[in-house]
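What the coordinates show
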Amino acid sequence: MESCMKVKNLTKRFGKRVVVDRLSFHVNRKEVFGLLGPNGAGKSTTIETALGLKKVDGGTAEIVGMNPAAKRKKIFERVGVQLQSSNFQNNIRVEEICEELSALYKSPADYRELLRQFKLEEFLRQPVDKLSGGERQKLSVVLALLPGPELVFLDELTTGLDTAARREVWQTLKGLKERGMTILLTTHYMEEAESLCDRIMLIKQGKEIITGTVEEVVGNSPYDNLEDAYLWYMEEEGKR
């Protein structure tokens, strides 16, 4: 199966603290790959380092066949990114942010069509800060899809949302999955991983604990569900 992203022994330090510790994984085309772990596990830093947004301290990353450190501009024309730290300008309207970001790409997707697909077309002239949490998160996905990407990075997309809004966003992502979009997402919601991911990787303190399908990860634990298995893996890792 063809890989859309390959990471080998990726390492990132902040001072003496190792935040990403020799992580290796790959993301196949048309799959949803989940990076799971508690807050502070290094999930966001892994994405930012792999993308070249943070300087790598060891190892390599290849995204859509290119080295992010050398080909960042070309890579960002072919991938979509929604980061946990994303912020919008004060009082900017949905239409304005879509127009601004579309101007960055040679052949952007039709943002009006994307807004229609995600049931946001009625908010075209609405200030972004007046949208609900779920609407704002769906807008984040729309913006990540503007370059017509081969691979989309979604970082803790549903954190802070209520149950109804979270499930609304899940339906949005399932639609992308059905259309063959390759997605790397980070989350600490086990139900989200079970609902969306083809494969998952559990990490703690920047280190890999286990990688596989949800069934494989659960099957290698003493439990029969992902939530209990996840807690068991985290506790076992802490005993080593």
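Residues numbered from 1 in each chain as written. Predicted model: local features only at pLDDT ≥ 70, side-chain atom pairs only at ≥ 80, totals over all residues. Heavy atoms only, no water.

Description of the side chain of Thr182
Note on placement: Thr182 falls in strand 7 (residues 182–187). On the basis of relative accessibility, which here comes to 2%, the residue Thr182 falls in the buried class. A distance of 2.7 Å separates the side chain of Thr182 from the backbone nitrogen of Lys30, its partner in a polar contact. With residues up to four places along the chain from it excluded, the contact list for Thr182 reads Cys4, Val27, Asn28, Arg29, Lys30, Glu31, Glu150, Leu151 and Val152. (Helix = DSSP H or I, 4+ residues; strand = E, 2+ residues; numbered from the N terminus. Buried < 20%, exposed > 50% of the residue type's maximum accessible area, 1.4 Å probe, protein only. Polar contact = N/O pair within 3.5 Å; in protein donor to acceptor, adjacent residues only side chain to side chain. Contact = heavy atoms within 4.5 Å.)

Focus: the sheet that holds strand 5 (residues 79–82)
Taken together, 6 strands build an open sheet; the order of strands is 5-6-7-3-8-9 and the sheet is mixed. Only two strands of the sheet have a single partner each, and these edge strands are strand 5 and strand 9 (207–212). Ignoring strand direction, the axes of neighbouring strands in this sheet form an average angle of 15°. Here strand 3 (residues 32–36) pairs with strand 7 via 5 bridges, running parallel. What sits directly across from Val32, in strand 7, is Ile183. Running over the sheet, helix 5 (residues 133–145) touches strand 5 and strand 6 (151–155) and is turned about 155° from strand 5. (Pairing = 2+ DSSP bridges. Axes fitted to C-alpha atoms, helices over the stretch in contact; angles between N-to-C directions.)

Some remarks on a negative patch on the surface
A grouping of Glu194, Glu215, Glu216, Asp224, Glu227 and Asp228 is seen on the molecular surface, where their side chains present a negatively charged patch. Contributing elements (two or more residues each) for the negative patch: helix 8 (214–219) and helix 9 (226–239). Within the secondary structure layout, Asp224 lies in the loop between helix 8 and helix 9. Its relative accessible area of 70% is what places Asp224 among the exposed residues. (Patch = residues over 30% accessible without salt bridge, like charges linked within 9 Å, V, L, I, M, F, W, Y side chains within 5 Å. Areas by Shrake-Rupley, 256 points an atom, 1.4 Å probe, with all protein chains shown as cover. Salt bridge = Lys/Arg side-chain N within 4 Å of Asp/Glu carboxyl O. Lys, Arg positive; Asp, Glu negative; His and termini not counted. Charge placed at Lys NZ, Arg CZ, Asp CG, Glu CD.)

Keep in mind these numbers describe shape, not what the thing actually does.
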